[in-house]
Amino acid sequence: LSASSPTAPGRSPLATLYALPGVPFEAAGAIPSIMDDIRNNYPLNHILHRNLMVYGMAESALSEQIAPWEDALPEDMHLAYLPKDRMIRLRLTGQGNADTLDKEMKEQIARLRPLIKPYLLAEEDKPIEVLVGEKLKTQKQTVSSAESCTGGRIAAMLNRQPGSSAFYMGSVVAYDNSVKQKLLGVSAETLSSVGAVSEETVTQMAQGVKQLMQTDYAVATSGIAGPDGGTEDKP
């Protein structure tokens, strides 16, 4: 439904109002026709987005690192910092002529890329577990996981991807220390001296599941996740 009317008598219309149904899937079904109406009746600049996924760098440090590049962007381009799943999505948006904008955007990305190279995961908006899976498939390598406090969450994230059987072999959820010892080979001495929440323990967990599953890589987790757990030494 589209209606256009002046805000006061004798004045020309200032805007077009589109009224959408409240049911989400019905509203989504109406969007294409609304977009067609906007394209047919209003002059629009061509808009283009480019995404770069950055990991391992704080937003403030990243902003400072690329400030000279960002300050030199043309007036028809702007950069947005969008934190997402412990990553930062840099979204470069440009508006202008469709024939030249793509080339200009590629030139700007080429200038940005060397400034963030050690932290650049991908140049498309994808979750980190998808990027890991794609990398492993490309290299024809495999990974397994041994989890304590995460209770199988890493396994679920990796396993829900289509084609995950090509790179993900399996997991051991070793919540209790006896399981860490019996299945993953974590030594009793390590558990008694430094505890389950320690670098030494997760190292042995990763080594144990890597050997058990015969994978190229392994990841292990341990931590204090409960609301009443933790100390100053191990928060």
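Conventions adopted
Each residue is numbered by its place in its chain's sequence as written, counting from 1. Side-chain atom pairs in this predicted model are given and counted only at pLDDT of 80 or more, local residue features only at pLDDT of at least 70, and totals for whole chains, interfaces and linings cover all residues. Hydrogens and water are ignored here; the side-chain numbers use all heavy atoms of the structure. The way it works is that DSSP assigns letters per residue, a run of H or I at least four long becomes a helix, a run of E at least two long becomes a strand, and they are numbered from the N terminus. Just to be clear, the radius of gyration here is over C-alpha atoms, and the globule rule we use is 2.2 Å times residues to the power 0.38. Exposure categories follow from relative accessible area, calculated using a 1.4 Å probe and restricted to protein chains: below 20% of the type maximum is buried, above 50% is exposed, and the middle band is partly exposed. Two residues form a contact once any of their heavy atoms are found within 4.5 Å. Per-residue and other accessible areas were derived by the Shrake-Rupley procedure at a 1.4 Å probe size, with only the shown protein chains allowed to occlude residues. Charged residues are defined narrowly, with Lys and Arg counted positive, Asp and Glu counted negative, and His plus the chain ends left uncounted. Where a charge lies is defined by one atom per residue type: Lys uses NZ, Arg uses CZ, Asp uses CG and Glu uses CD. Being paired, for any two strands, means DSSP has found at least two bridges between them. Each axis is a line fitted through C-alpha atoms, taken for helices only over the stretch in contact, and angles between the N-to-C directions span 0 to 180 degrees. The set of buried Ala, Val, Leu, Ile, Met, Phe, Trp, Tyr and Cys residues whose side-chain atoms join them within 4.5 Å is what this entry labels a nonpolar core. For this analysis, a salt bridge means a side-chain nitrogen from Lys or Arg found within 4 Å of a carboxyl oxygen belonging to Asp or Glu. Any residue with an atom within 4 Å of a point lines the site, the site being either a cavity, points on a 1 Å grid over the protein atoms alone where a 1.4 Å probe fits but cannot get out, or a pocket, an open set with protein on both sides within 12 Å along at least 5 of 7 lines. Grid points are joined across faces, edges and corners, and a volume is the space filled by probe spheres set on the points.

A count of helical and extended segments in the chain gives 9 helices and 9 strands. Relative to the globule expectation of 18 Å for 235 residues, the C-alpha radius of gyration of the chain, 26 Å, shows a markedly less compact shape. Projected onto its principal axes, the C-alpha coordinates of the chain cover approximately 85 × 45 × 40 Å. Per-residue burial for the chain yields a buried fraction of 31% across its 235 residues. Sequence-distant contacts, at least 24 apart, represent 59% of the contacts inside the chain between residues at least 6 apart. Of the roughly 14900 Å² of accessible surface on the chain, 53% is carried by carbon and sulfur atoms. In the chain, 22 positive and 28 negative side-chain charges are present, and the distance between their average locations comes to 6 Å.

This brings us to the sheet that holds strand β6 (residues 120–122). If you walk across this open sheet you meet the 4 strands as β4-β5-β3-β6, and the pairing is antiparallel. A single partner strand is all that each edge strand has here, and the edge strands are β4 (77–84) and β6. The sheet shows a mean angle of 35° between the axes of neighbouring strands, direction not considered. Sitting on the sheet, helix α4 (residues 98–116) is in contact with β3 (46–55), β4, β5 (87–96) and β6, with an inclination near 15° to β3.

Looking now at the nonpolar core. Within the largest apolar cluster, 19 residues are counted, with the highest numbers of intra-cluster contacts made by Leu62, Ile66, Leu79, Leu90, Leu92 and Ile116. If you list the elements that add at least two residues to this core, you get β3, β4, β5 and α4. Among the elements that take part in this core, α4 stands out by supplying 5 residues, more than any other. Once residues lying within four places of it in the same chain are set aside, the contact partners of Leu90 are Arg50, Asn51, Leu52, Val54, Leu62, Ile66, Leu79, Ala80, Tyr81, Leu112 and Ile116. Judged by nonpolar contacts, the second largest core, of 12 residues, contains Val172, Ala174, Leu184 and Ala220.

Let us look at the sheet that holds strand β8 (residues 168–173). The strands making up a sheet associate through hydrogen bonds between their backbones, and the pairing can be parallel or antiparallel. Reading across the sheet, the 3 strands line up as β8-β7-β9 and stay open at both edges, with parallel pairing between neighbours. Among the strands making up the open sheet, the edge pair consists of β8 and β9 (217–221). Geometrically, the sheet is characterised by an average inter-axis angle of 15° between neighbouring strands, direction not taken into account. As defined by bridge partners, strand β7 (residues 143–147) adjoins β9 across 5 bridges and the pair is classed as parallel. Bridging from a neighbouring strand, Glu147 pairs with Thr221 of β9. Relative to β9, helix α9 (residues 199–213) is tilted by about 140°, and along the sheet it contacts β7, β8 and β9.

Attention shifts here to the pattern of salt bridges. Counted by the stated rule, this structure contains 9 salt bridges. A salt bridge links Arg160 to Glu129; its shortest N-O distance comes to 2.9 Å. Of this pair, Arg160 sits in the loop between α6 (153–159) and β8 while Glu129 sits in helix α5 (residues 128–139); the two residues are 31 residues apart in sequence, bridging distant segments of the chain. Given the relative accessible area of 9%, Glu129 is considered buried. Here the salt bridges do not stand alone but share partners, grouping Arg50, Asp102 and Lys106 into one network.

Let's shift gears to the layout of surface pockets. In this model, the largest pocket occupies a volume close to 680 Å³. Every residue lining the largest pocket is counted, 14 residues in all, and those nearest its centre are Arg86, Ile128, Arg153, Ile154 and Met157. Listed by contribution, the elements that provide at least two residues to the lining of the largest pocket are α5 and α6. The element contributing the most residues to the lining of the largest pocket is α6, with 4 residues.

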